[in-house]
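These are the residues of each chain, in order.
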Amino acid sequence: MTDFERRVTEALESGAEQAPDATGLVVAARRRARLRRRVRGGVVAGLVVVAVAAPVGVVALGGDSPSDGGQVAEDPTTSEPSAPEPSPFEVPAGWQVERWHGIQVAVPGDWGQGTRSSWCAGGRADQGRVEQPDSSGVSIACMDPAYSFGLSFGSSVGFDAAYSSGHVWRYATDGDPDVVVQYVPGSWLGFWYDDTRLVQVNADDRETVQQVLDSMSVDEPGLVPGG
Amino acid sequence: MEVVVPRSEGRAMVDRAVGDFDSWVAARGPALLRLAYTLTGNRADAEDVVQDALSRALPRWSRISSVEDPDAYVRRMVVNAHTSWWRKFRRREQPVAEPAPTGEVAGPGGGVLPDERRRIWLACQTLPESQRTAVVLRYYEQLEYAEIAALTGVREGSVRSRVSRGLVTLRAELGERDR
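Residues numbered from 1 in each chain as written. Chains lettered and ligands numbered in written order. Predicted model: local features only at pLDDT ≥ 70, side-chain atom pairs only at ≥ 80, totals over all residues. Heavy atoms only, no water.

Draft legend 1. Structural detail: the overall build of chain A. Along its length, chain A carries 3 helices and 12 strands. Within chain A, the fraction of its 227 residues that count as buried is 50%. The contacts of chain A with a sequence gap of at least 6 include a subset with a gap of at least 24, amounting to 59%. A total of about 10300 Å² of accessible surface is found on chain A, and carbon and sulfur atoms cover 51% of it. (Helix = DSSP H or I, 4+ residues; strand = E, 2+ residues; numbered from the N terminus. Buried < 20%, exposed > 50% of the residue type's maximum accessible area, 1.4 Å probe, protein only. Contact = heavy atoms within 4.5 Å. Areas by Shrake-Rupley, 256 points an atom, 1.4 Å probe, with all protein chains shown as cover.)

And the structure:
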């Protein structure tokens, strides 16, 4: 560390001492969390939607799930949906069924198996893949984008979602060259998650992502992936 | 009288508190507020950012407390909340304050005086948001470039570039030449 860097550190540490104290922080955070639940839950008593209000990007720490470090472009026609209700399982013609820890979901029939982060090892980013935490594949961290189209199962532990479960939105980086391109720019993303399980879908068009999420059949909670 | 807690003991105290949200906030809240304050340069904004992050952490605290490093997780939420807040309000990257036009005064032993620290602090606040975040995470949080890259979702090379450009700007603001 140079002398100037040391002085910057000292200045920041010195300035940080003027930060507000933490008195009342817990109370304020709890109040804001209650308010957020009310806003999300509307007027339906007892309905609690675990959601994140601010579009801060999707962050996954310590898990296998792809994270969305880029910016997101909201679809203006989309309202905030709640998590998809368990529905009679239907498999569209030409689609295939994938299962993982009590989840059944239909995906396009041409989606293969494998790690979505290794698409560049002999594949294309627009080729859909279905990835489970124990999916075998070449250990390559591809770039531009980091993940191919497809569906990933994983643990929701450590998953900080920007949107409520079931939301579908369009991915964009706003052309910022500094942002790591996680998905194919302009493609569509959708998530479903509960306390333990996470499903992420990424495809070229909104209809495919929505259809995948709509096809999901979910068992009661209780299965803990990897737990 | 100031009570000094050994770093390892302090860490253990925090570890015990992780399982309980209120206790964890009591232990780690001040550090989060200091981080937020260095990022925002504004006390009200710092409180807003931290409250926002904690209110989102609370509903899933049982899961967050089970991850390997809850501190890093919530710190990431604070940085994300700051970035989101910045974009939300479309605050453009304009200087918010002019560095105080004061002369440099050598301190005892060659150390910096509060006057110079204040000038550097103000100069930091004039940095573009992306550079300021990188500089704060690097020199206040003392994170490695790779850690900053992972935390902010920006390429490591870009993080290095942002930090470097930030330092160049700071030196220029302070009337110093690269050494």
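Draft legend 2. Structural context of the overall build of chain B. Helix and strand counts for chain B stand at 9 helices and 0 strands. Starting at the N terminus, the α and β elements of chain B follow one another as α-α-α-α-α-α-α-α-α. Long-range pairs, those at least 24 residues apart, make up 58% of the contacts in chain B between residues at least 6 apart in sequence. Counting every atom, chain B has about 8900 Å² of accessible surface; 48% of that belongs to carbon and sulfur.

Draft legend 3. View of the sheet that holds strand E4 (residues 103-108) of chain A. Residue and element names in this part refer to chain A. Overall, antiparallel pairing links the 3 strands, which are arranged E3-E4-E12 in an open sheet. Looking at the sheet topology across the chains shown, the edges are occupied by strand E3 (95-100) and strand E12 (217-218). Where E4 and E12 come together, 2 bridges link them in antiparallel fashion. Along E12, the bridge assignment pairs Ile 103 with Val 218. (Pairing = 2+ DSSP bridges.)

Draft legend 4. Focus on helix H2 (residues 21-40) of chain B. Residue and element names in this part refer to chain B. Helix length check: H2 (20 residues) gives 25 Å between terminal C-alpha atoms against 28 Å at 1.5 Å per residue, more than 12% under. Taken as a whole, H2 carries its principal kink of about 50° at Arg 28; the proline Pro 30 stands between one and four residues after it. Gly 41 sits one or two residues past H2 and shows a positive phi near 70°. (Expected span 1.5 Å × (residues − 1). Bend = angle between axes of the 7 residues up to and from the residue.)

Draft legend 5. Summary view of the pattern of salt bridges. Residue and element names in this part refer to chain B. The full count for this structure, using the stated rule, is 16 salt bridges over all chains. In this structure, the salt-bridge partner of Asp 71 is Arg 28, at a minimum N-O distance of 2.9 Å. In this pair, Asp 71 sits in helix H5 (residues 70-88) while Arg 28 sits in helix H2, placing the two residues 43 residues apart along the sequence. A relative accessible area of 26% places Arg 28 in the partly exposed class. Of the charged contacts, one joins Arg 56 and Asp 52 as a salt bridge, the two residues approaching to 3.3 Å between their closest N and O atoms. Of this pair, Arg 56 and Asp 52 both sit in helix H3 (residues 43-57), 4 residues apart, which is roughly one turn of that helix. (Salt bridge = Lys/Arg side-chain N within 4 Å of Asp/Glu carboxyl O.)

Draft legend 6. Structural view of the interface of chain A and chain B. Counting residues at the interface gives 55 residues for chain A, matched by 57 residues for chain B. Both faces considered, chain A and chain B share a buried interface measuring about 5000 Å² in area, 60% of it formed by carbon and sulfur atoms. It is Phe 4, Leu 12 and Pro 20 of chain A in chain A that bury the most area against chain B; as a group they hold 14% of the surface buried on that side. Across the contact surface, chain A and chain B share 6 salt bridges. Of the charged contacts in the structure, one is a salt bridge between Arg 155 of chain B and Asp 144 of chain A, with a shortest N-O distance of 2.8 Å. Split into classes, the residues belonging to the side of chain A that touches chain B amount to 31 nonpolar, 9 polar and 15 charged. (Buried area = accessible area lost by both parts, 1.4 Å probe. Nonpolar A, V, L, I, M, F, W, Y, C, P; charged D, E, K, R; others polar.)

Draft legend 7. Spatial organisation of unusual backbone geometry. The phi torsion at His 101 of chain A lies on the positive side, around 45°, for a residue other than glycine. Counting through the fold element by element, His 101 of chain A comes out in the loop between E3 and E4. Phi is positive for Gln 142 of chain B, close to 60°, though the residue is something other than glycine. As for its placement among the helices and strands, Gln 142 of chain B is situated in the loop between helix H7 (129-140) and helix H8 (145-152).

Draft legend 8. Main features of the packing of H2 of chain B against H7 of chain B. Residues and elements named next belong to chain B. Their axes nearest at 9 Å, the elements H2 and H7 cross at an angle of 140°. The pairing of H2 with H7 is recorded here as oblique in orientation. Handedness of the H2/H7 crossing: right-handed. For the pair H2 and H7, the contacting residues are Arg 34, Leu 35, Thr 38 and Leu 39 in the first and Arg 132, Thr 133, Val 136, Leu 137 and Tyr 140 in the second. (Axes fitted to C-alpha atoms, helices over the stretch in contact; angles between N-to-C directions. Parallel < 35°, antiparallel > 145°, perpendicular 65-115°, else oblique. Left-handed = near helix turned anticlockwise from the far one by under 90°.)

Draft legend 9. Structural view of the packing of aromatic side chains. Residues and elements named next belong to chain A. One pass over the full model with this rule turns up 7 aromatic pairs over all chains. Look at Tyr 171 and Tyr 183: their rings are 5.2 Å apart centre to centre, the planes differ by 90°, and that puts the pair in the edge-to-face class. Note that Tyr 171 is positioned in strand E9 (residues 168-171) and Tyr 183 in the loop between E9 and strand E10 (188-193), a separation of 12 residues in sequence. Assessed through its relative accessible area of 0%, Tyr 171 is described here as buried. Note on Tyr 183: relative accessible area 0%, which makes it buried. (Phe/Tyr/Trp six-rings, centres within 6.5 Å; stacked < 30°, edge-to-face > 60°.)

Take it as geometry only, folks, not as evidence of what the structure does.
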